[in-house]
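# Remarks on the overall topology
Here is how the chains run, residue by residue.
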Amino acid sequence: MTNLYGLEISKLEELMLSLGQKKYRATQLFSWIYEKKAKTFDEMSDVSKSFREVLNQDFSLKLPSIFTRQDSKDGTVKLLLELEDDSKIETVLMPYNYGNAICVTSQVGCNMGCAFCASGLLKKKRNLEVHELVGQVMVMNEILASEGKDRVTHIVIMGTGEPFDNYDNVLDFIRIANHPKGLAIGARHITVSTCGIVPGILRYAKEGMQTNLAISLHAPNDEIRNKIMPISKRYKMDELMAAVKQYEKEAGRRVTFEYILIKDVNDTIECAAELTKLIRGTLAHVNLIPYNPVMENEFERSEDKQVRAFFSYLHKHGVNATIRKEFGNDIDAACGQLRAKEQKVL
Ligand code: SAH
C-alpha cells in the first residue's frame, strides 16, 4: 500500500503515467485530498470507477491517529500521534495573532545529542516518512476545522529530530506544503531548522526555495558550542559560517540564528560581543530563546534581566534580534520540551 500523502506532485505525476493515466490526474488527486479533504477514493466523483478500484486496492489515505491531546491555557495544542509501527511523535500548534503555526517533528527521536535538549534522550529510531510529515499538518487541520478555526498557515520544522538528517523526505514534505493545490502554505511561511549540518545547508541553498532557514547556533564560538552541541565537533564554526554565507548568496535569503540563553553558559555580555563579531558580514537575524528548563538536565534559564541585557547589546551593535514568544510551557510543549514521554523510555 502506498500512502498518497507521501507523494509530492512530480512523483504523483510519474505514478499516474506509470499506471496508464494522464498526468493531470495527479493535480486532480491533489485537489481531492488537500483542497476537498476527501477521506476515501470513492468520493472522487470525476475519477473513473475502474481507476478508483485501482486506487482502493493499492493506495491509502491513512493519517496518524491521535494518541493524546493536551491544551494549554494560551491556546497551544500538543498532540501525541501514533504511527503505524506504534511509534509516537509530538506535534504542536501555536496560535499566533498572524496565523496558526505548527511545529512539525521530523524523526522518531534524534541523534544530535544536544546537551540541553529533551528530544535527544530518545535516540533516533527512524526517519519520518513523507506521509507522516504531511499527516501531522492534516490531523491538525482536521482539529482546527472541527473547532471552526482557521487552518494551519505556518510551518516550522522544529519538533523532535534533525530535518537535514532526513533531507529527502523533508524536502518532499516542503514541496507538498508549498504546492497551491497541496497544503497551500506560502514558502515564506515555512521554516526549516537545523543544528548546523553543513552539507545539508549547502544542498538546501541550491533548491531554489523561498522558504526560511533557521540555524541553531546557541554559542558564539567552538569552545562553548562543543560543550553543548556535539555536531559542533563535526562542523566547526568557521565552516558553518562559510556555509551560511554561501546559502545567503545562492538562495538569496538571509538565515535566522536561534540562540537559546542558558544561565552562565552562553548568556554573558562577552558572549553577546563575540556573537556580534561572529555574524558580522551575514544578513542574519538572531532569535533569542530563553532556555526552557527540562527535568533531564541541570541547565537553567537565564535571568530576565540578563536576557534583556543580551538583547540590548545586540540591538545597540546593529544586530537584528528578537526575543521569541513562548507558548505551551504549562503542557511541556515549549521549545525543546518535546520528548514523547509516553514511549516509556524515560
Ligand atoms: N534539530 C533541529 C530542529 C529541532 S530543535 C535544530 O537543532 O534546529 C528546535 C529548536 O529548539 C532548536 O533551536 C533547539 O536547539 C531548541 N531547543 C532544544 N531544547 C531547548 C530547550 N530546552 N529550551 C529552548 N530551546 C530548546
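The structure reproduced in this document is the subject of the present report. (Residues numbered from 1 in each chain as written. Predicted model: local features only at pLDDT ≥ 70, side-chain atom pairs only at ≥ 80, totals over all residues. Heavy atoms only, no water.)

### Here's the deal with the site of the ligand
The ligand sits among 18 residues. The nearest are G161, S193, S216, H218 and N292. In the model, a nitrogen atom of the ligand is placed 3.0 Å from a nitrogen or oxygen of the E162 side chain. Within the backbone of N292, one N or O atom sits 2.8 Å away from a nitrogen atom of the ligand. Contact with the protein chains removes 95% of the 540 Å² of surface that the ligand exposes when unbound. Elements with a contribution of two residues or more to the shell around the ligand: β10 (190-194) and β12 (255-261). (Near = heavy atom within 4 Å. Polar contact = N/O pair within 3.5 Å; in protein donor to acceptor, adjacent residues only side chain to side chain. Areas by Shrake-Rupley, 256 points an atom, 1.4 Å probe, with all protein chains shown as cover. Helix = DSSP H or I, 4+ residues; strand = E, 2+ residues; numbered from the N terminus.)

### Let's talk about the packing of helix α10 (residues 269-279) against helix α11 (residues 304-316)
Contact geometry for α10 and α11: axes closest at 9 Å, N-to-C directions at 30°. The orientation of α10 with respect to α11, classified from their angle, is roughly parallel. Read as a crossing pair, α10 and α11 show a hand that is right-handed. On α11, the residues touching I269, C271, A272, A273, L275 and T276 of α10 are Q306, A309, F310, Y313 and L314. Classifying every residue of the contact of α10 with α11 gives 9 nonpolar, 2 polar and no charged. (Axes fitted to C-alpha atoms, helices over the stretch in contact; angles between N-to-C directions. Parallel < 35°, antiparallel > 145°, perpendicular 65-115°, else oblique. Left-handed = near helix turned anticlockwise from the far one by under 90°. Contact = heavy atoms within 4.5 Å. Nonpolar A, V, L, I, M, F, W, Y, C, P; charged D, E, K, R; others polar.)

### Topic: the pattern of salt bridges
The tally for this structure, following the rule as stated, stands at 22 salt bridges. Across the salt bridge formed by K11 and D172, the nearest N and O atoms sit 2.6 Å from each other. Of the two residues, K11 sits in helix α1 (residues 9-18) while D172 sits in helix α5 (residues 167-178), which places them 161 residues apart along the sequence. A relative accessible area of 37% places K11 in the partly exposed class. Relative accessible area serves as the criterion here: at 5%, D172 is assigned to the buried category. Of the charged contacts in the structure, one is a salt bridge between E53 and K49, with a shortest N-O distance of 3.9 Å. Taken together, the residues span about one helical turn, with E53 and K49 both in helix α3 (residues 49-58) at a distance of 4 residues. (Salt bridge = Lys/Arg side-chain N within 4 Å of Asp/Glu carboxyl O. Buried < 20%, exposed > 50% of the residue type's maximum accessible area, 1.4 Å probe, protein only.)

### What to know about the pairing of strand β4 (residues 77-82)
A regular strand places its side chains on the two faces of the sheet in alternate fashion. For β4, the buried fraction is high: 5 of the 6 residues fall into the buried class. Two elements, strand β3 (residues 65-71) and β4, share 6 bridges in a ladder whose sense is antiparallel. Of the residues in β4, the one forming a bridge with T68 is L80. Once β3 ends, the chain turns through 5 residues before running back antiparallel as β4, passing G75 with a positive phi of about 95°. Inspection of the sheet shows β4 paired to strand β5 (residues 88-96) by 6 bridges, in the antiparallel sense. Each residue of the ladder has a partner; that of K78, found in β5, is V92. Hairpin connection between β4 and β5: a loop of 5 residues separates the two successive antiparallel strands, and D86 in this loop has a positive phi of roughly 75°. (Pairing = 2+ DSSP bridges.)

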